[in-house]
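Examination of the molecular architecture
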Number of protein chains: 2
Amino acid sequence: MLTYQLEKKGRMPAYEFLYKSIREDILSGRLCADDKLPSKRALAQHLGISVTTVENAYQQLISEGCVVSRPRSGVFVAKLDRLEKNCPLQQKAENSTKDEKEPILLDLAQNMPDAESFPFSTWAHLTREVLSDVFGELFSPVPNQGLMSLRCAIADDLRERKGMSVSPHQIVVGAGAEYLYLLLAQLLGRDAVLAVEDPGYPKIKKIYEQLNVPCVSVLLDEQGVDTAYLKAVSALHISPSHHYPTGVVTPIGRRQELLKWARENKGIIIEDDYDSEFRFSGRPLPTLQSIDRCECVIYMNTFSQTISPSMRMGFMVLPPRLLKRYKEQLYFYSCTVPALEQQVLSRFLSEGFYERHIFRMKKKYRIKREEVLSFFKGCKFVKFIDDKGAGLHFLVGLRSKKSDGELQKKAESMGINLAFLSDFASLEKSRYEHILVVNYASLKPDSLKENAALLEELFSE
Amino acid sequence: MLTYQLEKKGRMPAYEFLYKSIREDILSGRLCADDKLPSKRALAQHLGISVTTVENAYQQLISEGCVVSRPRSGVFVAKLDRLEKNCPLQQKAENSTKDEKEPILLDLAQNMPDAESFPFSTWAHLTREVLSDVFGELFSPVPNQGLMSLRCAIADDLRERKGMSVSPHQIVVGAGAEYLYLLLAQLLGRDAVLAVEDPGYPKIKKIYEQLNVPCVSVLLDEQGVDTAYLKAVSALHISPSHHYPTGVVTPIGRRQELLKWARENKGIIIEDDYDSEFRFSGRPLPTLQSIDRCECVIYMNTFSQTISPSMRMGFMVLPPRLLKRYKEQLYFYSCTVPALEQQVLSRFLSEGFYERHIFRMKKKYRIKREEVLSFFKGCKFVKFIDDKGAGLHFLVGLRSKKSDGELQKKAESMGINLAFLSDFASLEKSRYEHILVVNYASLKPDSLKENAALLEELFSE
């Protein structure tokens, strides 16, 4: 029988609480099409409320088309096709987590930080602190480029951790990388032709193309993008520190070549510093932004990999020449990040919590990484491991002769979530077949061992 | 002498705290170019810290180019042109509030809700509640259309307060109206030609044009947009409930005509329900969305006028046909609003605080409105008052023969901030001259009386 805790209704009328609870169960898929609801009398008795209350709730559900009343049979959850008209339910996946469909035993594809290790209590404490310290300010207008205190804190972090010399005036804060791409597409100008990396993160190209920026996919070599391919383009979007998903790190010589290309062709380089915070071997290279002498590099980064992608917070650093263009053309856009998040992140950065968090996570990820690497090294189905010593993922070559599509399908039916390198490629796809992208940050190493037999079965030749 | 509270430095080294404090004073304009900083010894004594600490702070400022050391004279704040190279300071206005430039005695232009009347403590309480109830969830991914609980709460609010029947599945949450315009520009498709109201809110046209959607400005008559002007367009962006800034309310007959136009031409109508919450006379008209039978109306609204523009939260309601298009083309965009704000707003709505807040604000605004109206009725410089009985602004016709530009300039020099109807018009601008847009929501009526003589002087013929 449907059970809802009516004591949780607060100030809401009982019928409304009941109606909303049932509706949520229908929308979330907990109640399915054609499920019969209990009779009004039975439900009233079960929940200890009046029959009229249940009747009112059912009536509201009927009027919205969520349930249908069939004479002499009872009240049933509406069929999908009926519901679709007013409220398209077909996209269950959108709300329900995937495991409602098919329990996921092992997820190697999810590219998310290890949420459990985030210092929640510190973040909550800072949020409470901001609420009492500057609460009034949270409702005053935010400068369009973002709060000055946050931009100063970001500039300090860039200087301290990456040796970048950046003024807070060059920084524009925005609601995540995708929103920044939307701004960048406008900033590049109408005649821009943009080169993007291939393989690469597909949303980058997708968003620029949505905004009518013609994109040219450029094949990566082992150093990143070769300037020989940049003859017909005016801008370039790259991740030289640690490319996702190939892991390629662009060496200093190639970086100089890219800057030379930009200088000689008045090109713009967007340096997307995604996945650059965690490096486990070798020395970090200077960012393109910090060795740029011709104001052609736009640096961008987010806190998705270090804090959480659901925080929706990113920033870009514009060189003076492009800052001027931004001021003229795009400055009218209001800042998309609420003041509260900006205040909290600003304190999280300037009080040293961010640096300590990165330091702690680096240690944790190093251990996890070793565990996951050693697991794959022991697997018979592994042909090679391509690990560049950085980032929250590495590549695993497979001996399997089955196509990636076949493997993907079989994996799904077994409850295993996989990402293939070929999914990220649009050119010469076959070159990238039979290579797994293993995202280990949110992976539980035990789940690997527990499902080792399943993996062997899946990848058997 | 520069005074900073070093006890506030927290865990930061003293030199770093001092350096950051001085830098912030320079960036915010509190310290100006060529201002001399105190000698190291004097400042050290004044603040009770060591000379080395001050020296380290000054050194950091010098290395960043924020200050310059002149031999045998001292340390000075760097000149603008020097600073501009690395950190363009020219845009002081961006951070400093306007009153740093010229004290504002009276602001009739600021289109902001009355922040002081917002139930801060309730909002803070709900935020704390969310932090302890669902804190872990705040870092899990948010569905791309927004949290289901928030979308249900919005659907309920639309039903209860506006009689709209909307499924939460039709709702897309986004970081403010401007972000929604960016999505809409993409949703309209590549061949779209959009009609926008003239006069109108200039950012609407600007954002669509930024995204290469050709825009046709359509002159408003006393009922809003006339369908005779819609021959060559495929979509229409309007505010039929209460147009900003003319205040025009589109009557039901005209609404039917607009829907007929859409039906017969497969047109799309974007119903921007900005400034529709406060109505002081007459009955509210049904929204276009609720009388649309051909799936051609997209309804959108924000919480900027009712809660705060700095919350950056808006939503749109897509009819099934366009929801399908959204799912196919734009669903890949992540939701731009952080989970915390969504959770808090969801509770604010569903626990009845929002409705009560609107009710309370309506009473407050009614009183303020009457006060401001009666002030202007008593002014000799007023030719007519055009008040449609709704919204947070009304129009005041002026007897003055000076041009709006002249008046604006003179007003600025007197510390009065004005908005003219002609600023919002691109067609037949002269028709809209000598009309003030009086935004009264955040205005203190006393400040009007105190500055009555100034206004008489300003608008004297």
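On a predicted model such as this, the values are computed, not experimentally measured, just so you know. (Residues numbered from 1 in each chain as written. Chains lettered and ligands numbered in written order. Predicted model: local features only at pLDDT ≥ 70, side-chain atom pairs only at ≥ 80, totals over all residues. Heavy atoms only, no water.)

1. Considering the relation of the copies chain B and chain A
Structural alignment of chain B on chain A gives an RMSD of 0.2 Å, achieved by rotating through 180° and translating 0.0 Å along the axis. Taken together, these values place the two copies in the relation of a two-fold axis. Closest approach to the rotation axis among the C-alpha atoms of chain B is made by Leu-211 of chain B, whose C-alpha sits 3.1 Å away. Mapped onto chain A, 100% of the interface residues of chain B again fall at the interface, so both copies present the same surface. (Least-squares fit on C-alpha atoms with pLDDT ≥ 70 in both. Contact = heavy atoms within 4.5 Å.)

2. Describing the environment of Leu-220 of chain A
All names here are of chain A. By secondary structure assignment, the location of Leu-220 is in the loop between strand 6 (215–219) and strand 7 (235–238). Taking relative accessible area as the criterion, Leu-220 reaches 6% and is therefore assigned buried. Along the primary structure Leu-220 and Asp-198 are separated by 22 residues, whereas in three dimensions their C-alpha atoms are 6.0 Å apart. Look past the residues within four positions of Leu-220 in its chain and what remains in contact with it is Glu-197, Asp-198, Pro-199, Val-225, His-243, Thr-246, Arg-431 and Tyr-432. (Helix = DSSP H or I, 4+ residues; strand = E, 2+ residues; numbered from the N terminus. Buried < 20%, exposed > 50% of the residue type's maximum accessible area, 1.4 Å probe, protein only.)

3. Things to note about the pairing of strand 4 (residues 171–174) of chain B
Side chains on a regular strand alternate between the two faces of the sheet. Residues and elements named next belong to chain B. The alternating pattern of strand 4 places Ile-171 and Val-173 on one face and Val-172 and Gly-174 on the opposite face, and all of these are buried. Bridge count for strand 4 against strand 10 (residues 314–317) is 4 bridges, and the pairing is antiparallel. Residue Gly-174 lies in a different strand from strand 10, and its bridge partner there is Gly-314. (Pairing = 2+ DSSP bridges.)

4. Thoughts on the sheet that holds strand 5 (residues 194–198) of chain A
Residue and element names in this part refer to chain A. Spatial ordering of the open sheet is given by 4-10-9-8-7-5-6, a layout of 7 strands whose pairing is mixed. At either end of the open sheet lies a strand with only one pairing partner, and these are strand 4 (171–174) and strand 6. Averaged over all pairs of adjacent strands, the angle between their axes in this sheet comes to 20°, without regard to strand direction. Where helix 6 (residues 148–162) meets the sheet, its contacts fall on strand 4, strand 9 (297–302) and strand 10 (314–317), and the angle it forms with strand 4 comes to roughly 110°. Against the sheet, helix 9 (residues 252–265) contacts strand 7, strand 8 (268–272) and strand 9, and its axis sits at roughly 145° relative to strand 8. (Axes fitted to C-alpha atoms, helices over the stretch in contact; angles between N-to-C directions.)

5. What about the confidence of the model for chain A?
All names here are of chain A. The share of residues in chain A with pLDDT of 70 or more is 95%, and the mean pLDDT across the chain is 89. pLDDT under 50 marks residues 81–100. Its contacts with residues more than four places away, or in other chains, come to 38 contacts. In the predicted complex, the global pTM is 0.82; the interface-specific ipTM is 0.81. (pLDDT = per-residue confidence, 0-100.)

6. Thoughts on the pairing of strand 14 (residues 435–439) of chain A
Residue and element names in this part refer to chain A. For strand 14, the tally of buried residues reaches 5 of 5 residues, placing the bulk of the element in the interior. Burial of strand 14 is two-sided: the residues Ile-435, Val-437 and Asn-439 facing one way and the residues Leu-436 and Val-438 facing the other way are all buried. One ladder, built from 5 bridges, connects strand 12 (residues 393–398) with strand 14; its direction is antiparallel. When the sheet's bridge partners are listed, Val-396 is paired in strand 14 with Leu-436.

7. With respect to the packing of helix 6 (residues 148–162) of chain B against helix 13 (residues 353–377) of chain B
Residues and elements named next belong to chain B. For the pair helix 6 and helix 13, interaxial distance at closest approach is 11 Å and the crossing angle is 40°. When the interaxial angle is binned, helix 6 and helix 13 end up oblique. Judged by the sense of rotation from one axis to the other, the crossing of helix 6 with helix 13 is right-handed. Residues Asp-157, Glu-160 and Arg-161 of helix 6 form the contact with helix 13, whose own contacting residues are Tyr-354, Glu-355 and Ile-358. Split into classes, the residues belonging to the contact of helix 6 with helix 13 amount to 2 nonpolar, no polar and 4 charged. (Parallel < 35°, antiparallel > 145°, perpendicular 65-115°, else oblique. Left-handed = near helix turned anticlockwise from the far one by under 90°. Nonpolar A, V, L, I, M, F, W, Y, C, P; charged D, E, K, R; others polar.)

8. Some words on the environment of Leu-219 of chain B
Looking at the element boundaries, Leu-219 of chain B is found in strand 6 (residues 215–219). Discounting residues that sit within four places of it in the chain, Leu-219 of chain B has contacts with Asp-198, Gly-224, Tyr-229, Leu-427, Glu-428, Arg-431 and Tyr-432 of chain B.

9. Quick look at the packing of helix 7 (residues 176–187) of chain B against helix 8 (residues 202–210) of chain B
All names here are of chain B. Orientation of helix 7 relative to helix 8, taken along the N-to-C sense of each, is 40°, at an axis distance of 9 Å. By the angle class used here, helix 7 and helix 8 are oblique. Of the two elements, helix 7 crosses helix 8, and the hand of that crossing is right-handed. In this structure, helix 7 contributes Glu-178, Tyr-181, Leu-182, Leu-184 and Ala-185 to the contact, and helix 8 contributes Lys-203, Ile-204, Ile-207 and Tyr-208. Counted by class, the contact of helix 7 with helix 8 contains 7 nonpolar, no polar and 2 charged residues.

10. Describing unusual backbone geometry
All names here are of chain A. Omega for the peptide link from Tyr-244 to Pro-245 comes to 0°, which places this bond in the cis form. Summarising the element assignment, Pro-245 is placed in the loop between strand 7 and helix 9. Look at Asp-34: it is not a glycine, yet its phi comes out positive at around 75°. A residue is classified by how much of its surface remains accessible, and Asp-34, at 35% relative accessible area, is partly exposed.

11. Regarding the nonpolar core
Judged by nonpolar contacts, the single largest core of 210 residues is most densely connected at Tyr-208 and Phe-376 of chain A together with Tyr-208 and Phe-376 of chain B. Setting aside its immediate chain neighbours within four residues, Phe-376 of chain A contacts Leu-108, Phe-381, Val-382, Ile-385, Phe-394, Val-396, Val-438 and Leu-448 of chain A. (Core = buried A, V, L, I, M, F, W, Y, C linked by side-chain atoms within 4.5 Å.)

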